[in-house]
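Residue-level structural notes
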Amino acid sequence: MELHVSYPSHRGRAVPQAWRQLLVLLCLIFGAGCDALAEQWRPTEQEMAMLPPYCADRFGDNKSPAFKHWIGVFGWDFIHLHHYCAGLNFISRARKAVSRREREGNLGSALQQMDYVLKATRPDFRLRGEFLLNRAIALSLLGKEGEAIANLEEAIRFDPRLA
C-alpha cells in the first residue's frame, strides 16, 4: 500500500522530509497525526469553490450519485483526481504564500500530486494535457523554465486546444 501525503509547512515553516516520513509512519501505525495531515492536504471550503466542480465530489462520498456521475464521465481514472485537485490547490496556495519557503513547499507538493496523477492514470486519459500544463505552471513558478517548457510542449502535443 502506498500513501501519498503532502504536508508542506507547519506554522509557516517547511517540514523536513524525514519528519514528514515519520508523521506518515506514525499515522499508519497508530493513527496519530492523520487528521493534521489530511487537514493540510484537503482544500478548505473556500479553496474548494475555486476548483473544478468534480473536485468536491471526488473529495466527498464515493457512494454518492455525483461520484457515480463523474465515474461515468471520466471512467475509473476519476478515483485519482483528488490528487490533481490537491495539486491545483497547492499552486493556488503558493501564489498566496508570504514566505519563499512556504511558496516552494506548496509548489513541491503540487508537483508531487501532478506526478502522481500522471503515473496513476491511463496515458490517454482526457485530462492528461491539463495535468502537464499545471505541472508546467508549478515548475515555472519554481524558476525551472526548461522543464516547464518541456511539460508545456507535451501538454500541447496531447491536447492542441491548450495552445
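Residues numbered from 1 in each chain as written. Predicted model: local features only at pLDDT ≥ 70, side-chain atom pairs only at ≥ 80, totals over all residues. Heavy atoms only, no water.

**Re the confidence of the model for the protein chain**
Confidence along the protein chain averages 83 in pLDDT terms, with 75% of residues attaining 70 or more. Averaged over each element, pLDDT in the protein chain is lowest for strand S1 (residues 9–10) (42) and highest for helix H8 (residues 128–141) (98). Here residues 32–38 scores under 50 on pLDDT; set against residues more than four positions off or in separate chains, the count is 11 contacts. (pLDDT = per-residue confidence, 0-100. Helix = DSSP H or I, 4+ residues; strand = E, 2+ residues; numbered from the N terminus. Contact = heavy atoms within 4.5 Å.)

**Some remarks on the packing of aromatic side chains**
Summed over all chains, the structure comprises eight aromatic pairs. An angle of 70° between the planes, with centres 5.7 Å apart, marks the rings of Tyr-54 and Trp-70 as edge-to-face. Of this pair, Tyr-54 sits in helix H4 (residues 53–59) while Trp-70 sits in helix H5 (residues 65–74), placing them 16 residues apart in sequence. Given a relative accessible area of 7%, Tyr-54 falls into the buried group. (Phe/Tyr/Trp six-rings, centres within 6.5 Å; stacked < 30°, edge-to-face > 60°. Buried < 20%, exposed > 50% of the residue type's maximum accessible area, 1.4 Å probe, protein only.)

**Here we look at the nonpolar core**
In terms of nonpolar packing, the biggest core is built from 35 residues, with Tyr-54, Phe-74, Phe-78, Leu-81, Tyr-84, Leu-127 and Phe-131 touching the most fellow members. Ranked by residue count, the leading element in this core is helix H6 (residues 81–96), at eight residues. Dropping the residues within four chain positions of it, Leu-127 is found in contact with Tyr-54, Phe-74 and Leu-81. (Core = buried A, V, L, I, M, F, W, Y, C linked by side-chain atoms within 4.5 Å.)

**Details of the environment of Glu-47**
With respect to the helices and strands, the residue Glu-47 is situated in helix H3 (residues 45–49). With near-sequence residues (within four places) excluded, Glu-47 lies in contact with Arg-42, Asn-89 and Arg-93. Only 2.9 Å separates the side chain of Glu-47 from the side chain of Arg-93, close enough to count as a polar contact. (Polar contact = N/O pair within 3.5 Å; in protein donor to acceptor, adjacent residues only side chain to side chain.)

**A word on the packing of H6 against H8**
It is the contact of H6 with H8, at a shortest axis distance of 11 Å, that shows an interaxial angle of 30°. The angle between H6 and H8 places the two elements in the roughly parallel class. Along this stretch, H6 crosses H8, giving a crossing that reads as left-handed. Contacts between H6 and H8 involve Leu-81, Tyr-84, Leu-88, Ile-91 and Arg-95 on the former and, on the latter, Glu-130, Phe-131, Asn-134, Ile-137, Ala-138 and Leu-141. A per-class count over the contact of H6 with H8 returns eight nonpolar, one polar and two charged. (Axes fitted to C-alpha atoms, helices over the stretch in contact; angles between N-to-C directions. Parallel < 35°, antiparallel > 145°, perpendicular 65-115°, else oblique. Left-handed = near helix turned anticlockwise from the far one by under 90°. Nonpolar A, V, L, I, M, F, W, Y, C, P; charged D, E, K, R; others polar.)

**Quick word on the packing of helix H7 (residues 100–120) against H8**
H8 packs onto H7 with a crossing angle of 155° between their chain directions and a minimal axis gap of 9 Å. By the angle between their directions, the pair H7 and H8 is classed as roughly antiparallel. Between H7 and H8 lies a crossing of left-handed hand. Contacts between H7 and H8 involve Arg-103, Leu-107, Ala-110, Leu-111, Met-114, Asp-115, Val-117 and Leu-118 from the former and Arg-128, Phe-131, Leu-132, Asn-134, Arg-135, Ala-138, Leu-139 and Leu-141 from the latter. Here the residues of the contact of H7 with H8 are counted per class, giving 11 nonpolar, one polar and four charged.

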